[in-house]
Each structure stands twice: as C-alpha cells, then as structure tokens.
Amino acid sequence: MRVLQVSAELFPLLKTGGLADVAGALPAALAAAGCEVRALLPGFPAIMAGVQQAEAVGQFTLPWGETVQVLAATLPASAARPGLRLYVLHAPGLYDRPGNPYEDAQRQPYADNHRRFAALGWGAAHLARGLDAAWQPQLVHGHDWHAGLAHACLRFSPGPRVPSVFTVHNLAYQGVFDAMRFADVGLPQEAWQVDGVEFYGQLSFMKAGLVYADRITTVSPTYAHEIQTPEQGFGLDGLLRARRDVLSGILNGVDETVWNPASDGLIVRHYDAAHRTGKARCKAALQEEAGLAVRRDAPLFAVVSRLTEQKGLNLVLDGIDTIVRGGGQLLVLGSGDHEIERAFAHAAQSRPGCVALRLGYDEAFAHRIFSGSDFTLVPSRFEPCGLTQMYGLLYGSVPLVRAVGGLADTVVDADLATLADHTATGIVFADFTDAAFRHAVRRALALYAQPRAWAQVQQTGMQQNLSWTQAAQRYRAVYDAALVAAA
C-alpha cells in the first residue's frame, strides 16, 4: 500500500516536540507492515538543509497565486532503518524564516500561518492526484492541525477519490484563524459550514481533518475517549462523538534505534535491564554537568518538557520543597511560558546544588537526562500520549505521572498488589492538585528508600515492549478500512 504521510516536522530533520519523533519513526514501522511510505514536509530551513540532493518533481500554484516547487529526496538510511523518501515544498516566501517554524522572535504565531499550512494541504492533494508521475499514493495520512486542511483539499479537488486518515496529536492546538482567512485557502464556499471547516465563526484546520478524513486516530486509547468529553474536547467533542465509529486510539511507540540505553551513543555509559550498573555512572556525570551535587543517594527528579501549564509544571514548582526536603534533586530542561521559566530559574538560583534549569531544548542533553535521572516527572493536566514517560521507562528513570491519556495507558502504579505481582512501573496519581502531586513525590521518595522494591520497579519498566510494531499493525488495519470505505 502506498501511503503519503503529511506533517510539519520529522526527526531527525526538524523537531520541536513529540510529533517529529512519531513522524520519523512510523514510516519504517509501517514498511514492516507492508506499506510504502513517503513523507511530505514544508520547506523550513532545517528541512531544506537536510535534503540538499533534492530534485524537482513538479510544481503547483496556490489559490493566492504563489508557485510552489515540489522537491523529492531520500533521507539517508541507517543500519537500523531504510532511507525514507521525502517530498518537500520549496516556497521560500512561506517557509524561509529563522527560529521557530511556527512563531516569530516574540513567540507570536506568524500572521500567514493559514497560508503556510494551506500550502501543505494543497501539496498533499496535488501529489495524491499524480503530481509525481513516478509515484502516486493510495492513501494520505495527515498529522495534527498543520495537515488538517489536506483532508478538505482532497475532498474538494477534482479527480478520483483518495481516502485519508487524520491523526490528532493534541486537540488543544487546533490551527484556528479569523474567518476572513477562509478566502485565502482556496476551498469552495460549501466548505464554510458547521459540517465543514467553520468553527464558531472561525476557520479551523483541526476541524477540517476531523470532518473530511475517512478515518480518525489519536495517540492513545484513553485520549480517544477523553476527547469525546466536554472537559477535553475543546469544543469539538460533539463532532468526535458523532464520528466515534471511525475514531480509534493507537498508542505511540518508541523508536528504539534512537532511544535505547544499551546502544545510545549520546550517553556516557551503556546499560540495560539486566545490567544497570552503568546508570550510576550516567547519574554522576549528569549531576556534574547540570551543576547539581554529585550524590548517589539523592533521588534525581527530571522534567523534559515544554514549560506550560498543561504539562503540570505549576504542580512541580509547588512540589520543589517536598523534593528537596526529602533529600532529592530536580533538573528541568525546556522552554515555554515566561512566568514558568522565571519561577524555575528562581528555584535554581535559591537552591544551588539541588535544583538546576536549562532553558531551550537539547536533544543530546535530553538523552543524558533520561539515562542519569531516577524519576521522570509528567504530571500533566491532560496528555494525549506522552513520549517522555516512555523514554523514562526504557532508561530506568521511573515515571511519576498523572492518570490521564497515554500516561494512564503506559504506567502501572506501584502499590502493594502491583509490587507483589511485579507489574508496577511507576508512581501514578489522579487529582490535578498540589496536594496530590506532593503526596506522589513522597511515595516516590519512599520507594527510592527501599532498594529492592525500587530496583524491581525500575527493571520492570525497562522490560516493557514499547516498540512501534504493534502500532504499525493497527495503523495498517485503519488504512485498510479507509480504502474499503472509499471503494
């Protein structure tokens, strides 16, 4: 089956979050499930830099008159995965900008983001209609709101019907624009309706995907249920309930060619579930690098995250005293909300040796954090899937998570029963309150103080099968259903 994957990011070319990890790992897993996948990406500078040997396969004109050249290239193969064939939209006027691909230097969304990602949607439609004479997809798979309009473009462009699948990675980010932008994106007037792209008087790229895709997936089974509720539906829960028969939750996997402490070239010492002594060396090196006191007996809690309220970072700020009074340390890597950044910076300045902060995102440092930390904190208000808790599991950095979305699907709380039957993999709490988080931290400290129980939970987590194999098989089943429905 020939599948065109459409996304704004793809690891290792461009990554601002977990979307890139998924888009980078899924094609290889789908190849093992019998799919020939090619990826379509916007020509952001980082992506263009990675496809210098690209060749033009065609071009098309956007609704507002701008011409886009479509380039084809192959992402170099590695020992663990075949080379991925890419299509890149070469449109410097839209994409050739420094910094974040979505925001300007003041962290404000670019005013023409509707055009930048409408171009991605039309690029998918043109490729589906045969723009590349040498390869034509049988199905289009769009990821998150950036690719949402592709499904409307497919529905309203002339030619044979090409089915599509739309994956929601985070419903909170919807790609909503002023109604006056609708005229720019090139859809017919009939698309501007309640059963189309109109969303409370605005244009919604996310809704375009939810309405016009043949099948909808999201990134964990629990999140698929949560987004059908008013609490987590962000105004789209009614639509999702109406389409629940074509909605499924498929848990993300982990690319174990990238995330594996037994072979990771970015960490100071390799180790695995059966031989974990190397992790102690990783911890000491991390403490030294981060400016923390080098203490083996100090449980090291880590946050690798966007610094936003959604991620529960306010809970972590409130819980710092509980961590430090319990003999622990805290290391934070990320960026986001200025107030949260400043609060963590103040905590690091006022508790030297116990709290450390590195603003921004550093892929290599993130690997060293998971290899050297004892606990990975993911106390999110909501979490579609979450990858950091999975990285924590595989690296023996025991997750402390809230029981939502993919966090609930991947971490088993350590209690008397789960410790007895050797299924415990982390610390899980329910209520999104400071008190509940602080209690979870105290439970983590108590677990760490019991070496045998701690080692058991750590080892059980590292033995989890989090590969993409099962997810790829489920995506293949969704693809097959979409093809049948469109026939």
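Model, not experiment: these values are computed from the prediction.

Of regular secondary structure, the protein chain possesses 20 helices and 18 strands. For 487 residues, the compact-globule formula gives about 23 Å, and the C-alpha radius of gyration of the protein chain, at 23 Å, lands near that figure. Residues counted as buried form 57% of the 487 residues belonging to the protein chain. Sequence separation of 24 or more characterises 70% of the internal contacts of the protein chain that already satisfy a separation of 6 or more.

As a further point, take the sheet that holds strand 5 (residues 84-90). Taken together, the 9 strands give an open sheet; going across it, the order is 3-4-5-2-1-6-7-11-12, and neighbouring strands pair in mixed fashion. Here the strands that pair on one side only, and so sit at the sheet edges, are strand 3 (55-61) and strand 12 (247-249). On average, each strand axis in the sheet is inclined to that of its neighbour by 25 degrees, with strand direction left out of account. As paired strands, strand 7 (residues 164-168) and strand 11 (residues 215-218) are joined by 4 bridges and run parallel to one another. The partner of T167 across the bridge, within strand 11, is T217. Helix 1 (residues 18-32) rests against strand 1 (2-6), strand 2 (36-42), strand 5 and strand 6 (139-143) of the sheet, and its axis sits at about 155 degrees to strand 6. Packed onto the sheet, helix 20 (residues 469-486) meets strand 1, strand 6, strand 7, strand 11 and strand 12 and runs at close to 165 degrees relative to strand 11.

Here we come to the nonpolar core. One finds L4, L40, L86, L171, L187, F205 and L210 to be the most contacted residues of the largest nonpolar core, which totals 73 residues. Among the elements that make up this core, the one with the highest residue count is helix 4 (residues 113-128) (9 residues). In this view, L171 contacts M206, L210, Y223, I227, Q232, G233, F234, L236 and L240; residues no more than four positions away in its chain are not counted. Counting residues in hydrophobic clusters, the runner-up holds 51 residues, among them I267, Y271, V304 and Y395.

The N-to-C vectors of helix 11 (residues 277-290) and helix 14 (residues 363-372) enclose an angle of 125 degrees; their axes lie 7 Å apart at closest approach. Considered as vectors, helix 11 and helix 14 are oriented oblique to each other. Classified by chirality, the crossing of helix 14 by helix 11 is left-handed. Residues K279, C282, K283, L286 and E289 of helix 11 form the contact with helix 14, whose participating residues are F365, R368, I369, F370, S371 and G372.

The rules behind the values
Residues numbered from 1 in each chain as written. Predicted model: local features only at pLDDT ≥ 70, side-chain atom pairs only at ≥ 80, totals over all residues. Heavy atoms only, no water. Helix = DSSP H or I, 4+ residues; strand = E, 2+ residues; numbered from the N terminus. Rg over C-alpha atoms; globule rule 2.2 N^0.38 Å. Buried < 20%, exposed > 50% of the residue type's maximum accessible area, 1.4 Å probe, protein only. Contact = heavy atoms within 4.5 Å. Pairing = 2+ DSSP bridges. Axes fitted to C-alpha atoms, helices over the stretch in contact; angles between N-to-C directions. Core = buried A, V, L, I, M, F, W, Y, C linked by side-chain atoms within 4.5 Å. Parallel < 35°, antiparallel > 145°, perpendicular 65-115°, else oblique. Left-handed = near helix turned anticlockwise from the far one by under 90°.

Distances and angles like these do not, on their own, reveal function.
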